[in-house]
Amino acid sequence: MQNTPLITVCIPVFQTEQYLASCLRSVYMQDFASFEVVVLSDRSPGKDEKGRNAKKIVKLAQKECDGWRKSHNLSPVKIRFCEHRENRGCVEVRRTLVYESKGKYLAMIDSDDEYMEGALSCLYEAAVSQDADIVHGTFVSGEYDNEGIFHATAETKCGKIFYGTKEGLDIARSWFAGLFNGNVCGKLIEKSVYEKAFEQIPYTECNLLDDLLIFFFVGMNARRYVGIENKIYRYRINSGMSSHRKIDTLKKWKMICTSSSVFSIISQWLKENNDGLLSPSDIEHLGKVTLSHLASNIRQLRASVIPELQEEAKLMLYDFWGESFVKKVENALE
């Protein structure tokens, strides 16, 4: 294996330890030759069904990986484990993964999802043959039954993809227009593009809409996007943080409210840097997205926060979004 791998597969972990071994298995069984894996725990307190933490799961996966790849005459793959000293949220997890990676290209995968056979090879071949710094593969969404059999469902919004090429600012504009999703997972993106993006993203402890924030800056810094028809990503529905609907602590509610920081960062950047880069219609679209997410927060407050926390939760929503803005959107929802 080369000292500098072509691809780094980046895997964040926070209370998804029960899926991590399966995720890692889908990664190290890839037929691609030159890649490494970096697993980062965001101070996760979780354990798998055998009581193992993420570090222990990674250690066992490395042993399995060594044996499996040797038996299949494939080059060895290093799986590195890192951990934050304290929980920092999704944006900072992605930032650390970028800085820890050694590959020319980065492939983000959530630890409750899996790669399909040949995923890395398909993504890399498209990147090289089409000189793309973003390659977007096709998602398959679904659930596993009790016997471990995966059942595909209708495509979710996570699977929205544009089959073809976009260049320069058309990448961001096509994303604004909804032609493809802005998830960082399921894509192969040059590390240099991520680095430019994170140079423009201030430190923020955000747990939701991290993809929206990161891909805004990725899209503004990328040269060429290519969407390919190859099915490369198996997305496990109803397993992530946003799938847990009952909100019975202010800590859980704060995690949702932090989404406001995403729009504050983008708005501030546009004030200082836009200078005609984005059209009025682009800005209007971002405004609609902002209103939509605040409206979603308000609906979650009403439907999911337990009655005992309603008053404090509403004050927290005011703190994050601004009282007058929240009341304006509330009135529109009546």
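Residues numbered from 1 in each chain as written. Predicted model: local features only at pLDDT ≥ 70, side-chain atom pairs only at ≥ 80, totals over all residues. Heavy atoms only, no water.

Caption draft 1: Structural view of the packing of helix α7 (residues 210-221) against helix α9 (residues 260-273). One way to put it is that α7 packs onto α9 with a least axis distance of 9 Å and a crossing angle of 25 degrees. As judged from the angle between their axes, α7 and α9 are roughly parallel. Residues Leu 212, Leu 213, Phe 216, Phe 217 and Met 220 of α7 touch α9, and the partners they reach there are Val 262, Phe 263, Ile 265, Ile 266, Trp 269 and Leu 270. (Axes fitted to C-alpha atoms, helices over the stretch in contact; angles between N-to-C directions. Helix = DSSP H or I, 4+ residues; strand = E, 2+ residues; numbered from the N terminus. Parallel < 35°, antiparallel > 145°, perpendicular 65-115°, else oblique. Contact = heavy atoms within 4.5 Å.)

Caption draft 2: How the structure looks around the pattern of salt bridges. Per the stated rule, a full pass over the model turns up 18 salt bridges. Taking the shortest distance from any N to any O, the salt bridge between Asp 131 and Arg 223 comes out at 3.4 Å. Separated by 92 residues along the polypeptide, Asp 131 in the loop between α4 (119-129) and β6 (134-144) and Arg 223 in the loop between α7 and β10 (224-236) bring together distant segments of the chain. Residue Arg 223 is classed as partly exposed on the basis of its relative accessible area, which comes to 39%. Linking Lys 327 and Glu 323 is a salt bridge whose minimum nitrogen-to-oxygen distance equals 2.7 Å. Of this pair, Lys 327 and Glu 323 both sit in helix α12 (residues 323-333), separated by 4 residues, roughly a single helical turn. Taking relative accessible area as the criterion, Glu 323 reaches 39% and is therefore assigned partly exposed. A network of salt bridges, in which partner residues are shared, links Glu 36, Arg 80 and Glu 100. (Salt bridge = Lys/Arg side-chain N within 4 Å of Asp/Glu carboxyl O. Buried < 20%, exposed > 50% of the residue type's maximum accessible area, 1.4 Å probe, protein only.)

Caption draft 3: Quick look at the layout of surface pockets. Here the second largest pocket is characterised by a volume of approximately 200 Å³. In this structure, the second largest pocket is lined by Glu 17, Gln 18, Tyr 19, Ala 21, Ser 22, Asp 48, Glu 49, Arg 52, Glu 114, Tyr 144, Gly 148 and Arg 236. For the lining of the second largest pocket, the leading source of residues is helix α1 (residues 17-28), giving 5 residues. Residues belonging to the lining of the second largest pocket are distributed by class as follows: 3 nonpolar, 3 polar and 6 charged. (1 Å grid on protein atoms, 1.4 Å probe; cavity = no way out; pocket = protein on both sides within 12 Å on 5 of 7 lines; lining within 4 Å. Points joined across faces, edges and corners; volume = space filled by probe spheres on them. Nonpolar A, V, L, I, M, F, W, Y, C, P; charged D, E, K, R; others polar.)

Caption draft 4: The arrangement of the packing of aromatic side chains in detail. Taken as a whole and judged by the stated rule, the model has 17 aromatic pairs. Between Phe 139 and Tyr 235 the ring centres are 6.3 Å apart and the planes differ by 55 degrees, which places this aromatic pair in the tilted class. Of this pair, Phe 139 sits in strand β6 while Tyr 235 sits in strand β10; the two residues are 96 residues apart in sequence, bridging distant segments of the chain. Tyr 235 sits in the partly exposed class, given a relative accessible area of 23%. When the centroid spacing of 5.7 Å and the interplanar angle of 80 degrees are considered together, the rings of Phe 216 and Trp 269 count as edge-to-face. Remark: Trp 269 occurs in helix α9 and Phe 216 occurs in helix α7; sequence separation between them is 53 residues. An aromatic cluster is defined as three or more aromatic residues linked by ring pairs; in this entry it consists of Trp 175, Phe 176, Phe 180, Phe 215, Phe 216, Phe 217, Tyr 225 and Trp 269. Lying over the aromatic face of Phe 162, Lys 166 brings its terminal NZ or CZ to 4.7 Å of the ring centre. (Phe/Tyr/Trp six-rings, centres within 6.5 Å; stacked < 30°, edge-to-face > 60°. Lys NZ or Arg CZ within 6 Å of the ring centre and 35° of its normal.)

Caption draft 5: Focus on the nonpolar core. Grouped together as the largest cluster of nonpolar side chains are 102 residues, with contacts concentrated most on Val 9 and Phe 216. Here this core gets 8 residues from one element, more than from any other, and that element is α7. What Val 9 contacts, discounting residues up to four positions off in sequence, is Val 27, Phe 35, Glu 36, Val 37, Val 38, Ala 107, Ile 109, Tyr 115 and Leu 120. (Core = buried A, V, L, I, M, F, W, Y, C linked by side-chain atoms within 4.5 Å.)

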